[in-house]
Amino acid sequence: DAKTTQPTSMDCAEGRAANLPCNHSTISGNEYVYWYRQIHSQGPQYIIHGLKNNETNEMASLIITEDRKSSTLILPHATLRDTAVYYCIVRVAENYGGSQGNLIFGKGTKLSVKP
Amino acid sequence: NAGVMQNPRHLVRRRGQEARLRCSPMKGHSHVYWYRQLPEEGLKFMVYLQKENIIDESGMPKERFSAEFPKEGPSILRIQQVVRGDSAAYFCASSLTRSSYEQYFGPGTRLTVT
């Protein structure tokens, strides 16, 4: 699976949009981009995933560049409860020939939402 | 509609003792993953099981660690003769299928070896 690069930490003001970047310049055509987050002392939580197109759900939006070498997770109105470590993961889906079930977590970005 | 359950939530063991960590996946899920998180580090994959089978144990230490997921009952991660370096948070996740986009994580078991 391709490797990802994320900033170590970011700050965001409460109520503002949080934009978390991720570089995955070696991503393959059959690899998805996933985002998970881990609030302090809790288990990771799935946020969103995408392949090529931008995606949006009730939690966040995912913007993937046309060349797929980078992406941005957007939390449109960050709250204090969004303070967490955010992980960007790339992974081949089984239906694209992937054999790996597990997720490979890097160090992630520690997002601090401040009042 | 219970999520992934892990018990105990906190476990204290003395060096040399055995630790047994349990994970009950979400209802209907037959794929279980174990991850370990050392203090101030990211999560590291340990083992992937599907009912009664170990699919991938590439992240498991070669000695003292074992895992099972019997036909009935929870998945068990067993650590024999624990050492201080085993102190960590152990998370279990489950998914509906192998190719499921989302893995659901439990709250973790925090193992402290004294």
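As a starting point, this report considers the structure included with it. (Residues numbered from 1 in each chain as written. Chains lettered and ligands numbered in written order. Predicted model: local features only at pLDDT ≥ 70, side-chain atom pairs only at ≥ 80, totals over all residues. Heavy atoms only, no water.)

## Notes on the interface of chain B and chain A
Between chain B and chain A, the contact holds 19 residues from the first and 20 residues from the second. When the buried surface of chain B facing chain A is broken down by residue, Leu-43, Arg-98 and Tyr-101 of chain B rank first, second and third, together holding 39% of it. The interface formed by chain B and chain A holds zero salt bridges in total. Here chain B is connected to chain A by four residue pairs in polar contact (both at pLDDT 80 or more). Sorting the residues of the side of chain B that touches chain A by element identifies β4 (31-37) and β5 (43-50) of chain B as the ones contributing at least two each. Looking at side-chain class alone, the side of chain B that touches chain A contains nine nonpolar, six polar and four charged residues. (Contact = heavy atoms within 4.5 Å. Buried area = accessible area lost by both parts, 1.4 Å probe. Salt bridge = Lys/Arg side-chain N within 4 Å of Asp/Glu carboxyl O. Polar contact = N/O pair within 3.5 Å; in protein donor to acceptor, adjacent residues only side chain to side chain. Helix = DSSP H or I, 4+ residues; strand = E, 2+ residues; numbered from the N terminus. Nonpolar A, V, L, I, M, F, W, Y, C, P; charged D, E, K, R; others polar.)

## Thoughts on the pairing of strand β3 (residues 19-24) of chain B
Residue and element names in this part refer to chain B. The alternating pattern of β3 places Ala-19, Leu-21 and Cys-23 on a buried face, while none of Arg-20, Arg-22 and Ser-24, on the opposite face, is buried. Of the strand pairs in this sheet, strand β1 (residues 5-7) and β3 are connected by three bridges, and their pairing is antiparallel. When the bridges of β3 are listed, Met-5 appears paired with Ser-24. Relative to strand β8 (residues 75-79), β3 runs antiparallel, the two sharing five bridges. Its bridge partner being in β8, Arg-22 is matched across the sheet by Ile-76. (Buried < 20%, exposed > 50% of the residue type's maximum accessible area, 1.4 Å probe, protein only. Pairing = 2+ DSSP bridges.)

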